[in-house]
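Observations on the model geometry
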Amino acid sequence: MARVREHTIEVSGHGETVVREHSGPEGAPVLMLLHGLGATATLNWGRCYQPLARHFRVLSLDHRGHGRGLRTRRFRLGQCADDAVAAAETLGVKRFLAVGDSMGGPIASLTWRRHPDRVSGLVLCATARHFARESVARFARATFPIAAEAVRLFPGLVKRQATHRMLQSIEHPALRDRIRDELLGHDPATVIQAAQAVTSFASHDWIGEVTVPTAVVVTTLDGLVPAPRQRKLAASIPGAEVFEVEGDHDACVASGDFARTLVRACRSVSEAALKSDARP
């Protein structure tokens, strides 16, 4: 079984964050797992850690304002990409596969775009080139900053109420307590900013420039990011391979098949990256 460690690292100018590591086989390729909006690394990837660690060294971190992530008054997807690279560099990792779920998909893509020498491949799950129509994005840009500032006035109250609503449908007491502990780490105002960033995101103009091996894991019953939109993302990236999971947007935690499919996708991209690196 992979050895699990937690590293507290300093991100220059922004404070400390925690990186979780599953050691994997000696000399194995490295994955950087990037979670979705409103989740944490453990909530998003908990069912995937051990299956992935049989083949890879696995790193993950909570994004800004989420869980034990950095505390800032400003959330940008590009900064989360920079955080991932900073974490890898601190741990002596030169190159890695960026694996993103939902919001983590744009972060993974931006990690390649901003740091192409650090990313050997991409695995993009339940994600898309954009998440909302332009009219919705304009509305978000106008209203979300106001909501974020309002939440800063009563952060404890908002956190307690939001956490209570999210936990109502979970019957198992121990599981409910574990999820509560993860969610209570959130900074509600920053999570609202993250929602605005996701709503405004669009990569149509540049996603076709991706030059590293890529896989897109499509959640075929997704009610939040429809499967046709996920397939359009795959079609936009030269040579991208598609892997399908029969599940909704929460397949990463609700479907046992998700972890198995993710392992196949990561292994395929890793093998392609090794062949690419071996070319003269």
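In this report, the structure presented in the accompanying data block is examined. Remember, it's a predicted structure, so these values are computed and weren't measured experimentally. (Residues numbered from 1 in each chain as written. Predicted model: local features only at pLDDT ≥ 70, side-chain atom pairs only at ≥ 80, totals over all residues. Heavy atoms only, no water.)

1. Points about the packing of helix 3 (residues 77-90) against helix 4 (residues 104-114)
Remark: helix 3 packs on helix 4, axes separated minimally by 8 Å, with the N-to-C direction vectors making an angle of 70°. Judged by the angle between their axes, helix 3 and helix 4 are roughly perpendicular. The two elements helix 3 and helix 4 cross, and the hand of that crossing is right-handed. Listed contacts from helix 4 to L77, G78, C80, A81, D82 and V85 of helix 3 are P106, I107, L110, T111 and R114. In terms of residue class, the contact of helix 3 with helix 4 is made up of seven nonpolar, two polar and two charged. (Axes fitted to C-alpha atoms, helices over the stretch in contact; angles between N-to-C directions. Helix = DSSP H or I, 4+ residues; strand = E, 2+ residues; numbered from the N terminus. Parallel < 35°, antiparallel > 145°, perpendicular 65-115°, else oblique. Left-handed = near helix turned anticlockwise from the far one by under 90°. Contact = heavy atoms within 4.5 Å. Nonpolar A, V, L, I, M, F, W, Y, C, P; charged D, E, K, R; others polar.)

2. Considerations on the pairing of strand 5 (residues 96-101)
By the criterion of burial, strand 5 is predominantly enclosed, with six of the six residues buried. Going residue by residue along strand 5, you find F96, A98 and G100 tucked away on one face and L97, V99 and D101 tucked away on the opposite face as well. Judged from the four bridges that link them, strand 3 (residues 30-34) and strand 5 form a sheet pairing that is parallel. If you follow L33 over to strand 5, its bridge partner there is V99. Pairing between strand 5 and strand 6 (residues 119-125): six bridges, direction parallel. (Buried < 20%, exposed > 50% of the residue type's maximum accessible area, 1.4 Å probe, protein only. Pairing = 2+ DSSP bridges.)

3. Looking at unusual backbone geometry
Outside of glycine, negative phi angles account for most residues, and trans bonds account for most peptide bonds. A positive phi angle, near 55°, is found at S102, a position not held by glycine. Residue classification places S102 among the buried positions, given a relative accessible area of 10%. Phi is positive for A126, close to 50°, though the residue is something other than glycine. With respect to the helices, strands and loops of the structure, A126 is situated in the loop between strand 6 and helix 5 (134-153). Owing to a relative accessible area of 1%, A126 belongs among the buried residues under this scheme.

4. Some thoughts on empty space enclosed by the protein
Under the definition given, this model contains one cavity of 30 Å³ or more. Computed from the structure, the largest cavity encloses a volume of approximately 40 Å³. As for the largest cavity, its lining consists of G105, P106, S109, L124, T127, A128, F201, S203, I207 and L233. No other element matches helix 4, which puts three residues into the lining of the largest cavity. Here the residues of the lining of the largest cavity sort into six nonpolar, four polar and no charged. (1 Å grid on protein atoms, 1.4 Å probe; cavity = no way out; pocket = protein on both sides within 12 Å on 5 of 7 lines; lining within 4 Å. Points joined across faces, edges and corners; volume = space filled by probe spheres on them.)

5. A word on the nonpolar core
Counting 44 residues, the largest nonpolar core has M32, L34, L77, F96 and L122 as the members making the most contacts within it. Examining the composition of this core, we find that seven residues originate from one element, helix 3, more than from any other. Non-local contacts of M32, meaning those with residues more than four positions away in its chain, are made with L59, S60, L61, A84, A87, A88, F96, L97, A98 and V99. Formed by 28 residues, the second largest nonpolar core is a distinct cluster that contains L31, L33, C48 and A259. (Core = buried A, V, L, I, M, F, W, Y, C linked by side-chain atoms within 4.5 Å.)

6. Describing helix 9 (residues 227-236)
Listed in full, the buried residues belonging to helix 9 are A227, Q230, L233 and A234. Buried residues in helix 9, looked at end-on, bunch into an arc of 115°, giving them a common side. Among the exposed residues of helix 9, those pointing more than 90 degrees away from its buried face are P228, K232 and A235. Where helix 9 is buried, its residues touch strand 6, strand 7 (214-219) and strand 8 (241-245). (Arc of directions from axis to C-beta.)

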